[in-house]
Amino acid sequence: MKAITLWQPWASLWCSPAKIHETRGWHTPHRGWLLVHAAKRKLDDFTGDKLDEIMDEHFGQHWGLEIPFGAIVGMVRLVDCVRTETMSPFHKDTDDYECGDFAPDRFAWKRGDYRVFVESIPYKGAQGFFDVPNDVYAGHDVRAYDLHGNMLDPRSHPSYASA
C-alpha cells in the first residue's frame, strides 16, 4: 500500500475528526487507501497555539508525550484533491483549517473514512509516496471511522475490517 510521512501532530490529526484535508504544494492523482506515517523527528512545542487546543481536545493534555513518532499511525481513504483557492470561505472557521496551510497555489487532499491502528506500527518513513508491504500492517487491529469521526462497526461494514 502507498504511504506518506507527515510531521506530528499532523499525522495523528489526519487520522482524527479534526483534520479532513492534508495540504501540500503538489497535486496527487492518487485515490483510495493511503497509510499515514508519523515522522521520527519531533517538532517544537505548540503550547498556547490553537493547534495545541485541538490536540488537547482530541488526544488529551499529555498528547506531546503520548503520540507516536517513527511509526504508521493509521490510514485514510483519499477521495479528492482540490486547489485551496476553490474551497469555501466558511472553511476558515473550522479545526480542519487550523490544521493546514490553505494559502493560494496549494492543494487540499481530502480524506473520506479513516482507520487508526490500535497500536502504531514502527516503520521507517520516506519523502513523498512510498510503498509498505502488506505484511507490515495486515492483521493489526484498527478502529474504523467515517468522514466525521463516527466509529464504524467492522462486523456491519466488512470492507473496513482490512484494507
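Draft legend 1. Structural context of the nonpolar core. Counting 17 residues, the largest nonpolar core has Trp14, Cys15, Leu34, Val36, Val76 and Trp109 as its most contacted members. Elements supplying a minimum of two residues to this core: β1 (2–6), α1 (10–14), β3 (32–38), β4 (71–83) and β5 (107–122). Here Trp14 is in contact with Ile4, Leu6, Lys19, Ile20, His21, Glu22, Leu34, Val36, Val76, Leu78, Trp109 and Arg111, once residues within four sequence places are set aside.

Draft legend 2. Quick look at the side chain of Asp113. Here Asp113 is to be found in strand β5. At 2.9 Å, the side chain of Asp113 forms a polar contact with the side chain of Arg77.

Draft legend 3. Representation of the packing of aromatic side chains within the structure. Tallying each qualifying case throughout the model produces 6 aromatic pairs. Considering the side-chain rings of Tyr123 and Phe130, the 6.5 Å spacing of their centres and the 5 degrees angle between planes classify their relative orientation as stacked. Among the residues examined, Tyr123 registers a relative accessible area of 24% and is labelled partly exposed. Residue Phe130 is classed as buried on the basis of its relative accessible area of 11%.

Draft legend 4. The arrangement of unusual backbone geometry in detail. In the segment running from Gln8 into Pro9, the intervening peptide bond is cis, with an omega of 15 degrees. On the secondary structure map, Pro9 appears in the loop between β1 and α1. Not every positive phi belongs to a glycine, and Asp105 is a case in point at roughly 65 degrees. By the element assignment, Asp105 lies in the loop between α4 (95–98) and β5.

Draft legend 5. Just the pattern of salt bridges, in detail. Summed over the entire model, instances satisfying the criterion amount to 9 salt bridges. Residues Asp131 and Lys2 are paired through a salt bridge, measuring 3.0 Å at the closest nitrogen-oxygen approach. Taken as a pair, Asp131 in strand β6 (residues 129–131) and Lys2 in strand β1 lie far apart in primary sequence, 129 residues in all. Judged by relative accessible area, which is 34%, Lys2 ranks as partly exposed. For Asp101, the salt bridge identified is with Arg106, shortest N-O distance 3.5 Å. The partly exposed category is assigned to Asp101, whose relative accessible area is 39%.

Conventions and cut-offs
- Residues numbered from 1 in each chain as written.
- Predicted model: local features only at pLDDT ≥ 70, side-chain atom pairs only at ≥ 80, totals over all residues.
- Heavy atoms only, no water.
- Core = buried A, V, L, I, M, F, W, Y, C linked by side-chain atoms within 4.5 Å.
- Buried < 20%, exposed > 50% of the residue type's maximum accessible area, 1.4 Å probe, protein only.
- Helix = DSSP H or I, 4+ residues; strand = E, 2+ residues; numbered from the N terminus.
- Contact = heavy atoms within 4.5 Å.
- Polar contact = N/O pair within 3.5 Å; in protein donor to acceptor, adjacent residues only side chain to side chain.
- Phe/Tyr/Trp six-rings, centres within 6.5 Å; stacked < 30°, edge-to-face > 60°.
- Salt bridge = Lys/Arg side-chain N within 4 Å of Asp/Glu carboxyl O.

These results come straight from atomic positions and should not be treated as a statement about function.
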